[in-house]
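# A closer look at the structure
Chain residues, written in single-letter form:
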Amino acid sequence: MTEKTNSFLEDGEYQAKIDELRSRNQRKDSITLYPFNPNFITDYKGYVLGLSTEEIDRLHAFRAKNQFVNSGRNFRR
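A few points on the structure. (Residues numbered from 1 in each chain as written. Predicted model: local features only at pLDDT ≥ 70, side-chain atom pairs only at ≥ 80, totals over all residues. Heavy atoms only, no water.)

Turning our attention to the overall build of the chain. The helix and strand inventory of the chain stands at 5 helices and 0 strands. Mapped in sequence order, the helices and strands of the chain form the string α-α-α-α-α. The buried share of the chain, taken over its 77 residues, is 12%. Within the structure as shown, the chain displays about 7,400 Å² of accessible surface, and the carbon and sulfur contribution to it stands at 53%. (Helix = DSSP H or I, 4+ residues; strand = E, 2+ residues; numbered from the N terminus. Buried < 20%, exposed > 50% of the residue type's maximum accessible area, 1.4 Å probe, protein only. Areas by Shrake-Rupley, 256 points an atom, 1.4 Å probe, with all protein chains shown as cover.)

Here T53 shows up in helix α4 (residues 53-64). Sequence separation of T53 and D43 is 10 residues, and the distance between their C-alpha atoms is 8.1 Å.

Between two aromatic rings, the relevant description is the distance of the centres plus the angle of the planes. On inspection of all chains with the given rule, the structure shows 0 aromatic pairs. If you follow R63 out to its NZ or CZ, it ends over the ring of F68, 4.2 Å from the centre. (Phe/Tyr/Trp six-rings, centres within 6.5 Å; stacked < 30°, edge-to-face > 60°. Lys NZ or Arg CZ within 6 Å of the ring centre and 35° of its normal.)

Turning our attention to a negative patch on the surface. Together, D43, E54, E55 and D57 make up a negatively charged patch on the protein surface. Residue contributions to the negative patch peak at 3 residues, all from α4. Following the sequence through the fold, E54 ends up in helix α4. (Patch = residues over 30% accessible without salt bridge, like charges linked within 9 Å, V, L, I, M, F, W, Y side chains within 5 Å. Salt bridge = Lys/Arg side-chain N within 4 Å of Asp/Glu carboxyl O. Lys, Arg positive; Asp, Glu negative; His and termini not counted. Charge placed at Lys NZ, Arg CZ, Asp CG, Glu CD.)

Pasting the structure below:
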């Protein structure tokens, strides 16, 4: 009886390609989280976040005084 060999499993080149594709797929699925910095909210970002125009204007006026939002509590104020 002659045993058939599977050249796909024996060839390291194919396995390397499979490993590369798997790692590429895993990188796409991972989500990159960036820290939220409310000091630099544009009008558009404020709109997307659901802020009213008055809230955005207050934030811009606060930043115009050269002050920074340092905490979530400070941002809510």
